[in-house]
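# Notes for the structure review
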Amino acid sequence: MIDADIEERIRRVEEQVQILNNRLPSTFVQGRLRWDRTSPASSSDVQSSDKLWDRCIDTSYEYVLVNNAGTLEWLRIIMSSF
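Owing to the predicted nature of the structure, the values given are computational and were not obtained by experimental measurement. (Residues numbered from 1 in each chain as written. Predicted model: local features only at pLDDT ≥ 70, side-chain atom pairs only at ≥ 80, totals over all residues. Heavy atoms only, no water.)

### Quick word on the overall build of the protein
A count of helices and strands for the protein gives 1 helix and 3 strands. In the protein, the succession of α and β elements from N to C terminus is α-β-β-β. Counted over contacts in the protein with a minimum sequence separation of 6, partners at least 24 positions apart contribute 16%. Accessible surface, the protein as shown: approximately 6500 Å² in total, 55% of it carbon and sulfur. (Helix = DSSP H or I, 4+ residues; strand = E, 2+ residues; numbered from the N terminus. Contact = heavy atoms within 4.5 Å. Areas by Shrake-Rupley, 256 points an atom, 1.4 Å probe, with all protein chains shown as cover.)

### Here we look at the pattern of salt bridges
Side chains that differ in charge, positive against negative, can pair when their charged atoms come close. The tally for this structure, following the rule as stated, stands at 10 salt bridges. Here R12 ties to E8 by a salt bridge, and the two come within 3.5 Å at their closest N and O atoms. On the criterion of helical spacing, the pair formed by R12 and E8 is a turn pair, its members being 4 residues apart in helix α1 (residues 4-28). Residue R12 is classed as partly exposed on the basis of its relative accessible area, which comes to 42%. In this structure, the salt-bridge partner of R11 is E15, at a minimum N-O distance of 2.2 Å. Placement of the pair is R11 and E15 together in helix α1, with a separation of 4 residues, close to one helical turn. Under the relative-accessibility criterion, R11 is labelled partly exposed at 36%. Residue E15 is classed as partly exposed on the basis of its relative accessible area of 39%. Look at the salt bridges and you will find they share partners, linking R32, R34, R37, D45, D50 and D54 into a network. (Salt bridge = Lys/Arg side-chain N within 4 Å of Asp/Glu carboxyl O. Buried < 20%, exposed > 50% of the residue type's maximum accessible area, 1.4 Å probe, protein only.)

### Concerning a nonpolar patch on the surface
A surface patch of nonpolar side chains, amounting to about 300 Å² of accessible area, comprises V46, L52, W53 and L72. Counting through the fold element by element, W53 comes out in the loop between α1 and β1 (55-57). (Patch = residues over 30% accessible without salt bridge, like charges linked within 9 Å, V, L, I, M, F, W, Y side chains within 5 Å.)

What follows is the structure in structure tokens.
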């Protein structure tokens, strides 16, 4: 039988792990993966439905919508660089 103190410690660790898991998606990966949007034709091809940190992926590139000195622009990342 596990000691009550050990059970309490395990419960607290499990709570901390859950808190960390809840924070990770918003901390490391921001924005939406836009499967409903075609790949941008240029860095300035920003639509009204696009939001900062949105991402689009095609066979060659990943596109991320970034803030460039107050202007939203698509940043293109070549897939072979991963």
